[in-house]
Amino acid sequence: MDKYIYDEHSDGSSGNLYTPSSLKKRVKDTLNKTYSFFFGNPPAIIGGFLIVVMLVAALFAPILATHDPDRRVARPHVAPNAEHILGTTRSGRDVYSQVLFGARKSLTVAITAGGIAMTIAVIVGISAGYFGGKIDERLNFLTNVFLVFPQLPLLIVLAAFLGQVGSLVITLLLGITSWPWGARVIRSQTLAIRNKEFITSAEVMGESKLRILLVEILPNLVSIVFGGFLGAVIYAMGAEAGLGILGLGDATEVSWGSMLYWAQTSSSLYTGAWWEMLVPAIALAITGGALSLINMSIDQVSNPKLKTGRHIKVWHRLKREADIKRGIK
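Computed from a predicted model, the values in this text were never measured in an experiment. Residue numbering note: each chain is counted from 1, following its sequence as written. The model is predicted, so local features are restricted to residues of pLDDT at least 70 and side-chain atom pairs to those at 80 or more, both for listing and for counting; the totals for chains, interfaces and linings are taken over all residues. Each side-chain value is derived from all of the structure's non-hydrogen atoms; neither hydrogens nor water enter the calculation.

### Some words on the pattern of salt bridges
Basically, it comes down to this: In the sections that follow, a salt bridge refers to a side-chain nitrogen of Lys or Arg positioned within 4 Å of a carboxyl oxygen of Asp or Glu. For the purposes of this entry, the term helix denotes a DSSP run of H or I that reaches at least four residues, the term strand denotes a run of E that reaches at least two, and both are numbered from the N terminus. Each residue is placed in one exposure class: buried if its accessible area under a 1.4 Å probe, protein chains only, is under 20% of its type's maximum, exposed if it is over 50%, and partly exposed if it falls in between.
For the structure on display, the rule yields three salt bridges. Across the pair aspartate 136 and arginine 187 runs a salt bridge whose closest N-O atoms are separated by 2.8 Å. You can see aspartate 136 sitting in helix H5 (residues 133-148) and its partner arginine 187 sitting in helix H8 (residues 180-193), a full 51 residues away along the chain. Arginine 187 sits in the buried class, given a relative accessible area of 19%. Residue glutamate 207 is joined to arginine 211 by a salt bridge in which the shortest nitrogen-to-oxygen separation is 3.8 Å.

### Let's talk about the packing of aromatic side chains
Operational definition: Pairing of aromatic rings covers Phe, Tyr and Trp, the last through its six-membered ring, and needs centres within 6.5 Å; plane angles under 30 degrees mean stacked, over 60 mean edge-to-face, and all others mean tilted.
Enumeration over the complete set of coordinates arrives at five aromatic pairs. When the ring of phenylalanine 226 is compared with that of phenylalanine 229, the centres are 6.3 Å apart and the planes differ by 35°; the resulting orientation is tilted. Placement of both phenylalanine 226 and phenylalanine 229 in helix H11 (residues 222-245) is noted, with a separation of three residues, approximately one turn of the helix. Centroid distance tyrosine 261 to tryptophan 262: 5.1 Å. Interplanar angle 65°. Geometry classified as edge-to-face. Overall, tryptophan 262 belongs to the partly exposed group, its relative accessible area being 41%.

### Some points on the side chain of serine 178
Heads up, the rule is: Polar contacts here mean pairs of N or O atoms no more than 3.5 Å apart (in protein, one a potential hydrogen donor and the other a potential acceptor; neighbouring residues in sequence count only if both atoms are side-chain atoms). Only heavy atoms matter for contacts: two residues are in contact if any of them lie within 4.5 Å across the pair.
Along the chain, serine 178 falls in the loop between helix H7 (167-177) and H8. Residue classification places serine 178 among the buried residues on the basis of a relative accessible area of 14%. Looking at serine 178, its side chain comes within polar contact range of the main-chain oxygen of leucine 174, at 2.4 Å. Those residues in contact with serine 178, other than ones at most four positions away along the chain, are Ala117, Gln151 and Tyr235.

Nothing here speaks to function; it is geometry throughout.
Printed below as a string of structure tokens:
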């Protein structure tokens, strides 16, 4: 007897019946959509490749690193050579090993903070846009309050008030203060689709509010949510590095921000040890640029006004065929 999986509604009633063949079809459709997103989309390909490289480097840092990032392994400010391919710091630590382990800390902080920010943004934005009325007014007021305060100066004040803070506190600060812009965008999109026919049909059929929010509305906001998440990750990564340079983070933790802090403290550029400053700065620039390329690619695919590459070529071909049928050309 064929095994099956029920997709139950949130109210407990049984929904669609999914057999292994239907689940396989869903996986295949997802892979096809992923291929369609990257195919003919050079920014997505380049950005995806660079992000994969960074994630692999961070994940396998203990294997790829040649030295302990916290131990002195050579003389201060040794130039890049065969043994230390990216040189050493003023304290004699290997820069290559530090940038690998720093990627783990910086990416973890940025991705976690971005996830927290977009989770709050989705909850606030969808709730305000769908329910309206008093709920919308109160949530909109809360969003405006957070928008009034400039985020980076607020972070600097909070971090200075708390003293030298660790990565966990920085993650929470970034996540809690980075959600308002995403919430505004999600709210406006929810307002645009809440009166659509399929939403009205779901309400008439007696679907629960939670299911309407999660199953009917949220899937239509995937591109916006994912784009907002990437923007929040980019901002969090830059903010974490900025706090680190100012010495407001935990300088004993190896991250790209702390590497820049120690490079600035030791005046590496003035003493000719350019590699100590440039290596983490380039790592930040590459990661941020890769995320921006993916974010731009999402806009090009989801926004018809921005479609480029293979997508715009298909549109032009279809338009020519339609014009020929109508006798225009």
